[in-house]
Amino acid sequence: MTRDKPLLRALAGEVLPTPPVWLMRQAGRYLPEYRATRAQAGDFLALCYTPELAAEVTLQPIRRYGFDAAILFADILLLPHALGTDLWFVTGEGPRLSPLTESRVLAALKGKDDIHDHLAPVYETIRILAHELPPGTALIGFAGAPWTVATYMIAGRGTPDQGPAHALKGRDRGTFNALIDLLTGATIEYLSKQVEAGAEVVKLFDSWAGSLQGADFDRYAVAPVKRIIAALKSRHPGLPVIAFPRGAGRHYAGFARTAGADALALDTSVDVVWATGHLQPDGCVQGNLDPGLMVTGGQPLIDATRHIVAALSGGPHIFNLGHGMTPDADPENVHVMLEAIRNPAGRAPATPV
Ligand code: CP3
């Protein structure tokens, strides 16, 4: 039954005639129905922590577009919240957390060891979705990778260059390593519970992997992700895992094999023709389409979609963006993209012109 889901087949290495498709941030402010449910919840965090409403916004893009996967509606910052960090969102600006100094890292390390009470609404959202999704739609759970989550915890907000996290790493390696270890262990427990609740695939978002250089890339972008994947696969044999080391550049080569991931999510900078020879031999790839094209649309969107589909058609492929949908995306452009995936260049149009 589950093996009939196109997304799971692609993750298992099958080459399908048309790639399964879903989009990062497919539930979000570009959809009027999302804005309405978010208003009903009051704010973004209330939406994340109210299972009926979080399940509703997860289902909205599935109803509208019939995607092959639903991704749990939550946020990577719910885990530090569960660990005892204050978290709030400033409208139009993004997340804020109480920033961690060395002493506060140590306090956080001594903090709550039971994260599951706090995260129970997330697991409940997954249980609702496991019942309500159409039979062919796979359910993806997720977490942030430890480095990316640490960058927000240390700075207390998003930063252009992850400066505060790099500074702590340079100043006090021991404290920094302890934080990464804490997050690695907590992420294993968090994702494991998501799988027990009904997530069929998990994805690790390492949005800031690209700012790690040299040995630090191996230590903080590869090693923790490898440890998480190994632990999850030993507890849940056969669980497919997608890794997203955004901005990894040349480090994309070999990443899936080394980390043990079944699929690699490609940012917009990866050349898909290069990926066919260097990444697809190691497993499934997904992503790459510039989310800006979902704002501007037209022939450039159709051409870029067809280029990705054609380039990656010889190996396992899931169609996706190189980063998340933005609030100014046009919902109609998703239909344009879906039509271009299903009717790629070279196939005769239904009505010749
Ligand atoms: O993809 C999905 O549809 C699932 C839900 C999801 C959200 N965030 C919802 C969200 C997922 C998988 C995430 C991951 C996430 N969150 C990442 C990693 C992926 C990436 O984008 O790099 C990061 C870095 C975060 C942290 C975060 N959450 C930031 C920086 C922001 C503010 C930026 C923004 O777009 O406003 C958020 C808020 C957030 N998370 C929104 C959504 C739909 C917008 C909140 C709103 O409705 O106001």
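As the structure is a prediction and not an experimental result, all values here were calculated from the model. (Residues numbered from 1 in each chain as written. Predicted model: local features only at pLDDT ≥ 70, side-chain atom pairs only at ≥ 80, totals over all residues. Heavy atoms only, no water.)

A. Quick look at the pairing of strand 3 (residues 94-97). Where strand 2 (residues 87-90) lies against strand 3, 4 bridges are found, and the strand directions are antiparallel. Across the sheet, residue Phe 89 finds its bridge partner in strand 3, namely Pro 95. Linkage of strand 2 to strand 3, two consecutive antiparallel strands, is achieved through a turn of 3 residues, within which Gly 92 is found at a positive phi near 80°. (Pairing = 2+ DSSP bridges. Helix = DSSP H or I, 4+ residues; strand = E, 2+ residues; numbered from the N terminus.)

B. Highlighting the environment of Tyr 252. Tracing the backbone through its elements, the reader meets Tyr 252 in the loop between strand 6 (241-245) and helix 12 (255-259). Judged by its relative accessible area of 0%, Tyr 252 is buried. Along the primary structure Tyr 252 and Met 24 are separated by 228 residues, whereas in three dimensions their C-alpha atoms are 19 Å apart. Residue contacts for Tyr 252: discarding those within four places in its chain leaves Phe 244, Pro 245, Arg 246, Leu 264, Ala 265, Leu 266, Asp 267, Val 270, Trp 274 and Leu 279. One polar contact links the side chain of Tyr 252 to the main-chain amide nitrogen of Asp 267, over a distance of 3.1 Å. (Buried < 20%, exposed > 50% of the residue type's maximum accessible area, 1.4 Å probe, protein only. Contact = heavy atoms within 4.5 Å. Polar contact = N/O pair within 3.5 Å; in protein donor to acceptor, adjacent residues only side chain to side chain.)

C. Examining the layout of surface pockets more closely. Volume-wise, the largest pocket comes out at about 1,200 Å³. Lining the largest pocket we find 40 residues, and of these Arg 25, Arg 29, Phe 44, Asp 75 and Phe 89 sit closest to its centre. Breaking the lining of the largest pocket down by element, the ones donating at least two residues are helix 2 (32-41), helix 3 (44-48), strand 2, strand 3 and helix 8 (146-155). Considering every element that reaches the lining of the largest pocket, the biggest residue donor is strand 2, with 3 residues. Residue classes in the lining of the largest pocket are distributed as 23 nonpolar, 10 polar and 7 charged. (1 Å grid on protein atoms, 1.4 Å probe; cavity = no way out; pocket = protein on both sides within 12 Å on 5 of 7 lines; lining within 4 Å. Points joined across faces, edges and corners; volume = space filled by probe spheres on them. Nonpolar A, V, L, I, M, F, W, Y, C, P; charged D, E, K, R; others polar.)

D. Quick look at the pattern of salt bridges. For the structure shown, the criterion picks out 13 salt bridges. Residues Arg 64 and Glu 33 are paired through a salt bridge, measuring 2.8 Å at the closest nitrogen-oxygen approach. A residue pair is termed long-range when its members are at least 10 positions apart, and Arg 64 in helix 4 (residues 51-65) and Glu 33 in helix 2 qualify at 31 residues. Residues joined in a network through salt bridges with shared partners are Lys 169, Arg 173, Asp 216 and Arg 219. (Salt bridge = Lys/Arg side-chain N within 4 Å of Asp/Glu carboxyl O.)

E. Local environment of the side chain of Thr 148. Along the chain, Thr 148 turns up in helix 8. Judged by its relative accessible area of 0%, Thr 148 falls in the buried class. There is a polar contact of 3.0 Å between the side chain of Thr 148 and the backbone nitrogen of Ser 207. Not counting residues within four places of it along the chain, the set of residues in contact with Thr 148 comprises Ile 76, Phe 205, Asp 206, Ser 207, Trp 208 and Ala 209.

F. Representation of the site of the ligand in the model. Around the ligand, a shell composed of 22 residues is seen, among which Arg 25, Arg 29, Tyr 34, Asp 75 and Ser 207 lie nearest. The separation between a nitrogen atom of the ligand and a polar side-chain atom of Asp 75 is 2.6 Å. Residue Ser 207 places a side-chain N or O atom 2.5 Å away from an oxygen atom belonging to the ligand. Burial of the ligand by the protein amounts to 88% of the accessible area it has alone, namely 880 Å². Looking at side-chain class alone, the shell around the ligand contains 14 nonpolar, 4 polar and 4 charged residues. (Near = heavy atom within 4 Å. Areas by Shrake-Rupley, 256 points an atom, 1.4 Å probe, with all protein chains shown as cover.)

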